[in-house]
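Topology and contacts: notes
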Amino acid sequence: MNCHHYSENRCHSCSWIGLDYPWQVKQKETHLRQQLEQFYTSRISKNMPSLSPTLTSSQSSFRNKAKMVALGAAHQATLGIINHQGDQVSLTDCLLYTPKMQQLLHYLETWIQKAGIPPYNVQKRKGELKFIIVHENLEGKFLIRLVVRSLLRLHRIREHIPLIQAAFPSVEVISLNLQPEHQAILEGPEEIYLTEQEFITENLNGVPLCIQPGCFFQTNSTTAEKLYHMAATWVQSQLQTMK
């Protein structure tokens, strides 16, 4: 995958992105096989069983969750990271996300300006908006979490929520998370829902799974669905042998 942020030395979050993907898979398969062979030999004195073929992933547009640091000022906000050079880098166009997610993230940068919500400045310990977390399901529905330092701008945030919903009707859940501590903590214990709906649903193999703010969910839904199907098939086969 050709990422201009990586090639321009602006973001190195994906440290293996410059390596050929099939080679990456082969290296990980070799490492896993070595670890398992050592375990089987030293712990249970058996030969290691054969491994199923590796499930590979798409190299772009596969990640269903974006965690963006709010940077800059209210009139010129940036959603992304502070890189190793100390520069603020907008990652709203990160290729890990779907085009629809990228569009939403880019819009949220302008929404921060319209709402007048100052991003939190770590050095000055001033500002309100710390992070924006976005989750997208396979149907293209979104959940947005706004992580803030205090409830000082809650009224302004509530006033401007309809702008997000009008621009992106696929946004079904918006919540505000209160994280007042000056620490490297992504979220706090208090959640305030700003929409009537409190979860989005992800259907994997026909099973509806509810995704709420703060819950754990695999970040690659397509691959997770395949893995869950493999696990269910294996369990069924084991049950058959037990009859």
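Residues numbered from 1 in each chain as written. Predicted model: local features only at pLDDT ≥ 70, side-chain atom pairs only at ≥ 80, totals over all residues. Heavy atoms only, no water.

**Concerning helix α2 (residues 21-44)**
Formally: By definition, any uninterrupted DSSP run of H or I lasting at least four residues is a helix, any uninterrupted run of E lasting at least two residues is a strand, and each is numbered from the N terminus. Given a helix with a known number of residues, its expected span is that number minus one, times 1.5 Å.
Its 24 residues give α2 an end-to-end C-alpha distance of 34 Å, which sits within 8% of 34 Å, the value for a rise of 1.5 Å per residue. Just past α2, the residue Ser 45 takes up positive phi, approximately 50 degrees.

**Overview of the nonpolar core**
The nonpolar side chains of a soluble globular protein tend to be buried with one another. In plain terms, the rule: Within this scheme, the nonpolar core is defined by two criteria: the residues are buried Ala, Val, Leu, Ile, Met, Phe, Trp, Tyr or Cys, and they are joined through side-chain atoms within 4.5 Å. Residue burial is assigned from relative accessible area. The probe radius is 1.4 Å, only protein chains are included, and a residue is buried under 20% of its type maximum, exposed over 50%, and partly exposed in between. Note on definitions: a residue-residue contact is assigned when non-hydrogen atoms from the two residues lie within 4.5 Å.
Ranked by size, the top nonpolar core spans 39 residues in total, and within it Leu 108, Trp 111, Ile 132, Val 134, Ile 144, Ile 157 and Ile 164 carry the most contacts. Going through the elements one at a time, β1 (65-73), β2 (76-82), α3 (99-115), β4 (129-136), β5 (142-148), α4 (154-167) and β6 (171-178) are the ones with two or more residues in this core. If one sorts the elements of this core by residue count, α3 sits on top with eight residues. The residues touching Ile 157, leaving out its near neighbours within four places in the chain, are Trp 111, Ile 117, Leu 146, Val 148, Leu 176 and Leu 194. Counting residues in hydrophobic clusters, the runner-up holds six residues, among them Val 173, Ile 200, Ile 211 and Phe 217.

**Describing the side chain of Asn 137**
Counted only if it meets this: Any pair of N or O atoms that falls within 3.5 Å is considered a polar contact. Within protein, one atom must be able to donate a hydrogen and the other to accept it, and sequence-neighbouring residues count only if both atoms are side-chain atoms.
In this fold, Asn 137 is placed in the loop between β4 and β5. Separated by 2.8 Å, the side chain of Asn 137 and the backbone nitrogen of Lys 141 make a polar contact.

**Some thoughts on the sheet that holds β1**
Basically, it comes down to this: Note: two strands are recorded as paired if DSSP finds a minimum of 2 bridges between them. Lines fitted to the C-alpha atoms define the axes, with helices restricted to the stretch that makes contact. Angles between their N-to-C directions range from 0 to 180 degrees.
Read from one edge of the open sheet, seven strands run β3-β2-β1-β4-β5-β6-β7, paired in mixed fashion. Strands at the two margins of the open sheet, each flanked by one partner only, are β3 (88-90) and β7 (190-193). Between one strand axis and the next, the sheet turns by 40 degrees as a mean value, whatever way the strands run. Pairing geometry for β6 and β7, over four bridges, is antiparallel. What sits directly across from Ser 175, in β7, is Tyr 193. In the packing of α3 onto the sheet, the strands contacted are β1, β2, β3, β4, β5 and β6, and the crossing angle to β4 comes to about 155 degrees. This element, α4, spans β5, β6 and β7 of the sheet and lies at about 160 degrees to β6.

**Re the packing of aromatic side chains**
For clarity, the cut-off: Here a pair means two rings of Phe, Tyr or Trp (six-membered ring of Trp) with centres within 6.5 Å. Their orientation is stacked below 30 degrees between planes, edge-to-face above 60, and tilted elsewhere. We call a charge positioned above a ring when the Lys NZ or Arg CZ atom is no farther than 6 Å from the ring centre and deviates by at most 35 degrees from the ring normal.
Applying the stated criterion across every chain, the model contains three aromatic pairs. Between Phe 39 and Tyr 40, the ring centres sit 5.8 Å apart and the planes meet at 90 degrees, which makes this aromatic pair edge-to-face. Here the basic side chain of Lys 28 rests over the ring of Trp 16, its NZ or CZ set 5.2 Å away from the ring centre. Between Lys 130 and the ring centre of Tyr 120, over which it is positioned, the NZ or CZ distance is 4.8 Å.

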